[in-house]
Amino acid sequence: MLHWTHCACGSVEVTGDQTFLENYVSCVTIEGNLRIQLIEYNETQPLVGLPNLIQVTGYVIIYQLSYLRTLRHLLPRLAVIRGRELFHGYSLVIYGNIFLQEPNLWNLTHVLSGAVRVEKNLCSGPPNRWDLLSPSPALNVVQDYGLCIYPMCEEQRDCANVTTALHTYCTTHGGCYQGPQCHEECVGGCHALHDPDACVACRNYRDGHTCVPECSRSAANKVHHLDYRCIRENECAKEPWKVEREVGPQGTERLVCVRCNDNCYGTCRGTKVTTANLGRQLRKCQQLKGNLEIIVSGGANLMQQLEENLGQLKVVTGYLKVYGCDTLFSLNFLSNLEKIGGEDLVHGRYALYVLDNEKLRELWDWEHRNHSLEITRGMLFFQYNPSLCRGLIRELAIRAQVTQADRVHVSHAEDSAPCYTSDLEVRCIPLKHGRLEVFWKYHYHGRDYRFVIGYYLYYREAPEKVTLYQGRDACNDNMVWERVFREYERDKECVVGVDNLKPYTQYAVYVDVYYIDAVKNASRSSIQYITTQVGKPSPVRELKATSQKGTSAQFLSWREPAVPNGPLKVYEVKYGRLKLSRPHLQPEGRDVCVDSKDEPQNKTRPSVHDGGEENKVTRCCACPGSAASLSKEDRRFDHQFDVHFETFMWQSLLCKRDSDDNENKSMPASVSLSKPPAQRLNYSTAGEALRNVSDITPMVASAGTASTAAKEQNIPRQRKRRSTVHQSAETQVRTDKHMSDKQRKEEEKKNKYKKVEHEECEISADTNGDTAAVCDVKKITTNNTRVTLMGLSYFTQYRVWVRACHSEGSDCSDWSVLDVTTPADMSIYKIKNFKVKQRKINETKWSATKSDAISSNSTPRAAAQTGTTLLLSWDPPMVPMEHILAYIIEYQLEQTSKVGAAYHFLVYLCIPYNVMAFSLFL
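Residues numbered from 1 in each chain as written. Predicted model: local features only at pLDDT ≥ 70, side-chain atom pairs only at ≥ 80, totals over all residues. Heavy atoms only, no water.

Engineer: Before we go on, may I ask you to explain helix H5 (residues 390–399) in this structure?
Structural biologist: Each α-helix turn comprises 3.6 residues. Residues three or four places apart therefore point the same way. Of the positions making up H5, those classed as buried are Ile393, Leu396 and Ala397. Buried residues in H5, looked at end-on, bunch into an arc of 100 degrees, giving them a common side. Those residues of H5 that are exposed and aimed more than 90 degrees away from the buried face are Arg394 and Ile398. Check the buried side of H5 and you find it contacts strand E28 (350–355), strand E30 (379–383) and strand E31 (408–410). After H5 finishes, the residue Gln401 shows a positive phi value of roughly 60 degrees. (Buried < 20%, exposed > 50% of the residue type's maximum accessible area, 1.4 Å probe, protein only. Helix = DSSP H or I, 4+ residues; strand = E, 2+ residues; numbered from the N terminus. Arc of directions from axis to C-beta. Contact = heavy atoms within 4.5 Å.)

Engineer: Which parts of the structure should I look at to understand the pattern of salt bridges?
Structural biologist: Pairing between side chains of opposite charge can happen when their charged atoms approach one another. Taken as a whole, this structure holds 27 salt bridges when the rule is applied. When the shortest N-O distance is used, the salt bridge between Arg427 and Glu493 registers 3.4 Å. Taken together, the residues Arg427 in strand E33 (residues 426–431) and Glu493 in strand E37 (residues 493–498) connect sequence positions 66 residues apart. Arg427 sits in the partly exposed class, given a relative accessible area of 43%. The salt bridge involving Glu437 is made with Arg435; its shortest N-O contact spans 3.5 Å. One salt-bridge network, held together by shared partners, links Glu214, Glu246 and Arg254. (Salt bridge = Lys/Arg side-chain N within 4 Å of Asp/Glu carboxyl O.)

Engineer: How should the pairing of E33 be read in this particular structure?
Structural biologist: In summary, the side chains of a regular strand alternate between the two faces of the sheet. Where E33 lies against strand E34 (residues 435–441), 6 bridges are found, and the strand directions are antiparallel. In the strand pairing of E34, Leu431 is matched with Arg435. Hairpin connection, E33 to E34: the antiparallel pair is bridged by 3 residues, and His433 has positive phi, about 60 degrees. (Pairing = 2+ DSSP bridges.)

Engineer: Looking at this structure, how should I read the sheet that holds strand E47 (residues 786–789)?
Structural biologist: Two pairing modes exist for strands in a sheet, parallel and antiparallel, and in both the strands are linked by backbone hydrogen bonds. Spatial ordering of the open sheet is given by E41-E42-E47, a layout of 3 strands whose pairing is antiparallel. Strand pairing shows two members of the sheet lacking a second neighbour, strand E41 (541–547) and E47, which therefore form its edges. When the angles between neighbouring strand axes are averaged without regard to direction, this sheet yields 20 degrees. Inspection of the sheet shows E41 paired to strand E42 (residues 554–559) by 5 bridges, in the antiparallel sense. Across the sheet, residue Ala545 finds its bridge partner in E42, namely Leu556. (Axes fitted to C-alpha atoms, helices over the stretch in contact; angles between N-to-C directions.)

Engineer: Before we go on, may I ask you to explain the state of the cysteines in this structure?
Structural biologist: Disulfides are covalent bonds that link the sulfur atoms of two cysteine residues. For the structure on display, the rule yields 10 disulfides. A sulfur-sulfur distance of 1.8 Å marks the disulfide that ties Cys9 to Cys27. Measuring the twist about the S-S bond at about -95 degrees, one finds the Cys9-Cys27 disulfide to be left-handed. You can see Cys9 sitting in strand E1 (residues 8–9) and its partner Cys27 sitting in the loop between strand E2 (12–15) and strand E3 (29–30), a full 18 residues away along the chain. Just as Cys9 is buried, Cys27 falls in that class too. Here Cys268 engages in a disulfide with Cys285; their sulfurs sit 1.8 Å apart. Between Cys268 and Cys285, the disulfide has an S-S torsion of -75 degrees and is therefore left-handed. Residue Cys268 is found in strand E23 (residues 267–274), and its partner Cys285 is found in the loop between E23 and strand E24 (287–295); the two are separated by 17 residues along the sequence. (Disulfide = S-S within 2.5 Å.)

Taken by themselves, the reported measurements are silent on function.
Set out below in C-alpha cells:
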C-alpha cells in the first residue's frame, strides 16, 4: 500500500516576483486558489516553480508572465483542478502570456468543474486539448496567434502514446490522459492498477488513504471537508470552521465542514468600546472572555450601533464597566446579558461599575426581558449618575441577588433624579386623514400644584413593540420620538391632537408629566400602541390589457398599489365605449379619398410584354432606388412611362372637355390607367361634387370606342391616378326619400350597430388630460388583480378605469385609466348584398387626334360612342358607422395595341363612406 504524502496549503497568490514561489515548493495540495501573475522572467535566473503540486481545490490563473515560453517546468505535476471556486465561471485561465509557446500542462488530466479560458497567448496548445479536459467544453474560450509548431500527428490526433509510470497516456505535445486501468475513483493517474488506495488524487473524497464516493457516517472521518477529503469532527470544530448538516447529492443527510464568515462559536476576548470603536468585532459574540469597558460620548445613531454590536452578548466572564458616557439614556443595548462572572474585578471589588453618566435614566427594561441578571462574584458601584433613580438600583440588586448592603455602593448624587411610576391613564382615538387624539387627566397629590410645569406627549412609528429608550440617546432624542408640549391645567382633562400621521400605521404613544427639579416622585403613562385609520391608497400599478385571437374579450391585469395604506378589500373596474366623432377618425381638412398619407401601397403596375402574350405575372412595387441600381429593363420601362406621362399631361391640359362649356359644373373625376413603376398611387383632388358619376369614362376602354390617336398611342386621356367620387344631389345614392316604409324598416334593422339612440355618455379625461365622451359605461367589482371584460364589440376603442378600495365605494385610490382597442373581426366587415347591373347607353364624347392634342389651335371633335354603365350597389357592414371611412372599388382594364403590346391596369375608385350605390361607365 502506498502512503499518502499530504502537505496542504491555503490559497497562493504570487505577484511581481517569482522568488515568492519558493515559500510553497512543498505544497502538494492547495486548498483554495492559485494565482501567478505579472512576473517578468529573466532568462539568466533559474525558473522557480511548484514541483510537488498535484491538485488545486479552487481555480488556477496564469496571467502575463513575460518571457515565459513553457509551463512544463512551472507546474510539472499538476494533475487535477477541482474548481470548487471559479473565477468568473472558469477554473483554469491562461491569459496574456505573449511569449508562451507551450501552454500545455503536461500531467493535467482532469478539470472537474468550470470551463477553461486560454487567450492572448502565442499558442493555445494542441487542438481539442482543453475540450477533452473540461466538463463544459461549450463554455471554453481558446484563442491564440496561430504560432504553434506541432507534428502533424498532433493536429490529426493520431500520435503514438507513451505510457507513464502513473498509467497515463501522453504524447509529445498533447498532454496526458488517464488510462482505464486506474480505479474509477482515481483522477490524475494511479500508482497501481484498479486500486482505490493508489490514486494520485481522488475524484470525490479521500478517507485516510482510500478514495471513496462519500464519507461514511459510521467511520471516524465522517465530516466532508472542502469537497475532497474526510476528517474528524474535532478537526473541524475550531476557528474558522464549524460542522453543519446538509443534504448530499444522493439525497441523504451528511456532515460538512464549512468556513464561518463571522464568529463561529460566539466567543470573543475582552475589549474596550469607545466612540471610535463601537465594538463591531463583537457582533454575534455571546460569551466575552475577559472584561468589557464602555466609554462613549456622542456619535450618530449611537444606541442603534451599540444594540447591533452588543445585542447578542450573554456572558461577561470578568467585569462590566460603564463610565463617562454623557449621552447614554439606558444600558438596554445589553438586552441579552445574563451573567457577569466577576473573574476579574474593578479595584478588586466591583463586578458592575457605573460611574459619571450624566444622562443615564434606565438600567434595563425588566418588563421586556425574559431573564434576570446574575452577578456571580463582586459588588455593584453607582456614582455620579444624576438622572438615575435610586429605586432602579435597588431593583437591579434584588434581581441580581445582591441583597447585602455592603455589596451595593450608591452615592448621594442618585437621590436627585425623580422616580417615575406608570399611574397615568391615557386613551387614544384614531380619526380620519391621519389624525390621532390623545386624552388623559392628571391629579397632582403633592404640596403645591405649581410644581407641575406641563406634559410631554411622545409618539413614534412602532411596527413592533419598543422600549422607552430603545435606539434613543441624548443626541438623537428628538429624532426617535416626536413630542408635543401641553401646559398643565389643574383638574382638567387634556386633549391633544396629532396630525399628519401615516395611514394604517402602528404608533407608540406615552405621556410624561414634567416637573420642577424638587419633585422626587413623578408620573408617566405606559406605552400605548394605536393603529391609525386606513387612508387613500395609491393608484394600481402596471394596468394592462391583452386580447386573445378570435374573441373581442379583453383580459385586464394590474398590480396592487405600492402604498395600500390599509387592507384592500375590493377593486372597482369601469369600462365604456369611446364615442369618437368622425373628425377624430378623419381629421378636419383631410379627405381619405384625397389624402395619400395613409394610402396603401400600390399592388400592381402596368407591364409591357412583346408578342401580345397575356400578362400573367404582375410587378410588385419596390423601394425607390438610384438610377444606377435599376436594371436595363426597368430603365427602359421608366423612360417609356415618362413619354406616356408627358403625352397624357398634354391631352389632359390642352384638350377641351364637354364639362368646360358649363362654368357651374365641375370637371368630372377621371381614372388614370397609367401608374409609375416604383411609386405609390396617389389620390386625386377632385374638388366639388361630380355632375354625374357616369362621366367616369376610361378613354381606353374597348376597341372602337376611343379616339384614333389615343388608340394608336395606347395612352389614356385621364389625368388622375385615382378616381375620387363625392356625393352630390345627382349621385345615385340610396336615401330615405327613395325608400319605401318596408325598406326603411329593414335599413334601420341593419343599421342597429351604426346609430345608438339615447345612449348615455359621460365626459372623461385620459392620463394626458384629453377629454372624450364615453358611452355605455359599466361597472364591476372584484377581489383579484385580474378580470375579463366580455361582450365587447370588435374593433372598438374602450376606456377602462381601475381603482383599489378599502371598502366598496369608499376609501378608494385615484382611477388608473387605460384606453384599449378590441381586435378586428374582418368577417363582420364583409360587404353584403353586392349587386352589379349592366345598362347600355349612347353618349357623345369629345376626342382628339394626336396632332390636335399638341396643337394650341386645335378644336376637339365630337364622336358618337356607345358604352356600358355598371350600377353597383351594396349593403354596409354591420359595424358602427364611424368605423367606415370609405369604400374602395377596384377593377381591371386590359388593352392591346397595334404592335401587340398588352397593358393590364388595376384601377382604384375611392367612394365616400355614406355612398352605397355607384354608376360606372365603361
